[in-house]
Amino acid sequence: MNRLEQKIISDGIVREGNVLKVDSFLNHQIDIDMLNWIGEEFKRRFSDVKVDKILTIEASGIALASVAALHFNVPVLFAKKTQSVNVDGEKFCSQVASFTHKCINNVFVSKNYLKAGEKVLIIDDFLAMGSALEGLTDLVRQAGAEVAGIGIAIEKGFQEGGRKIREKGYRLESLAIIDEMDGTTGTIKFRQ
């Protein structure tokens, strides 16, 4: 059992409806030591590929991607969900359905920051149905860049997202893959 899996067992809370709360250490309050381990682990797992940039989606992926970027020594770009006055110019846009928030978001990145030929490592906190990753890989495709790999902190292996992404030929590295969780008992079974 790796360090993230141990942290999920000790501090994660399983809720009904296939919800895993890790907000005490990953996506609300952040355990910086754990985050640093995650960044190091992504660097170790993707040390064989060239990475020019890390791409994530706001908001929960930003902390993970930022610490990973320190280990890769590359910039982080995050897909925004809302337009603001300080984002101007042309954008690449895609639609993403949120499992957690039960809505569809139009996400975008500025064409100034995602360029043809760049090798992009996608990093995110959760993978459930795969919609966020489909949107992010679509943004990379629109830019004429290349997905160097995809790093996920926690994959819900009992949902279809991981299978769909792997079937498309992407290299997907998930640090913790959950095959079963029970909201009644609070138990979690990780993939070996």
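Analysis parameters
Residues numbered from 1 in each chain as written. Predicted model: local features only at pLDDT ≥ 70, side-chain atom pairs only at ≥ 80, totals over all residues. Heavy atoms only, no water. Helix = DSSP H or I, 4+ residues; strand = E, 2+ residues; numbered from the N terminus. Polar contact = N/O pair within 3.5 Å; in protein donor to acceptor, adjacent residues only side chain to side chain. Axes fitted to C-alpha atoms, helices over the stretch in contact; angles between N-to-C directions. Parallel < 35°, antiparallel > 145°, perpendicular 65-115°, else oblique. Left-handed = near helix turned anticlockwise from the far one by under 90°. Contact = heavy atoms within 4.5 Å. Nonpolar A, V, L, I, M, F, W, Y, C, P; charged D, E, K, R; others polar. Core = buried A, V, L, I, M, F, W, Y, C linked by side-chain atoms within 4.5 Å. Buried < 20%, exposed > 50% of the residue type's maximum accessible area, 1.4 Å probe, protein only. Expected span 1.5 Å × (residues − 1). Pairing = 2+ DSSP bridges.

(A) Broad picture of the environment of Gln142. Topologically, Gln142 is positioned in helix 4 (residues 131-143). Looking at Gln142, its side chain comes within polar contact range of the side chain of Asp138, at 2.8 Å.

(B) Here's a closer look at the packing of helix 2 (residues 32-45) against helix 3 (residues 61-72). Close contact between helix 2 and helix 3 brings their axes to 8 Å; oriented N to C, the two are set at 55°. When the axes of helix 2 and helix 3 are compared, the pair comes out oblique. Remark: the crossing between helix 2 and helix 3 carries right-handed chirality. Only Ala63, Leu64, Val67, Ala68, His71 and Phe72 of helix 3 make contact with helix 2, whose side of the interface consists of Leu35, Asn36, Ile38, Gly39, Glu40, Phe42 and Lys43. A breakdown of the residues in the contact of helix 2 with helix 3 according to their chemical character gives eight nonpolar, three polar and two charged.

(C) The arrangement of the nonpolar core in detail. By size, the foremost hydrophobic cluster in this structure holds 34 residues, and its most contacted members are Leu4, Ile8, Leu20, Leu26, Ile38, Ile54 and Ile154. Looking at this core, the elements with two or more residues in it are helix 1 (3-11), helix 2, helix 3, strand 7 (119-127), strand 8 (146-156), strand 9 (172-182) and strand 10 (187-190). Dropping the residues within four chain positions of it, Leu20 is found in contact with Ile8, Gly12, Ile13, Val14, Phe126, Ile154, Lys156, Ile178, Met181 and Ile188. Core analysis: the next-biggest nonpolar cluster, separate from the first, contains 24 residues, Ala79, Val109, Leu133 and Ile152 among them.

(D) Just helix 4, in detail. Along its 13 residues, helix 4 runs 19 Å from first to last C-alpha, staying within 8% of the 18 Å computed at 1.5 Å per residue. Among all positions of helix 4, only Ser131, Ala132, Leu133, Gly135, Leu136, Thr137, Leu139, Val140 and Ala143 are buried. The first or second residue beyond helix 4 is Gly144, which carries a positive phi of 80°.

(E) Up close: the sheet that holds strand 10. Taken in spatial order, the six strands make up an open sheet running 4-3-7-8-9-10, and their pairing is mixed. Both edges of this open sheet fall to strand 4 (76-79) and strand 10, since each of them pairs with a single strand only. Looking at each pair of strands side by side, their axes are set apart by 25° on average, direction ignored. Here helix 1 sits on the sheet in contact with strand 8, strand 9 and strand 10, set at roughly 30° to strand 9. Sheet strands in contact with helix 4 are strand 3 (53-57), strand 4, strand 7 and strand 8, and its direction is about 165° off that of strand 7.

(F) The side chain of Glu41, seen in detail. Within the secondary structure, Glu41 is located in helix 2. Taking the relative accessible area as the measure of exposure, Glu41 reaches 10% and is therefore buried. At 2.4 Å, the side chain of Glu41 forms a polar contact with the side chain of Arg44.

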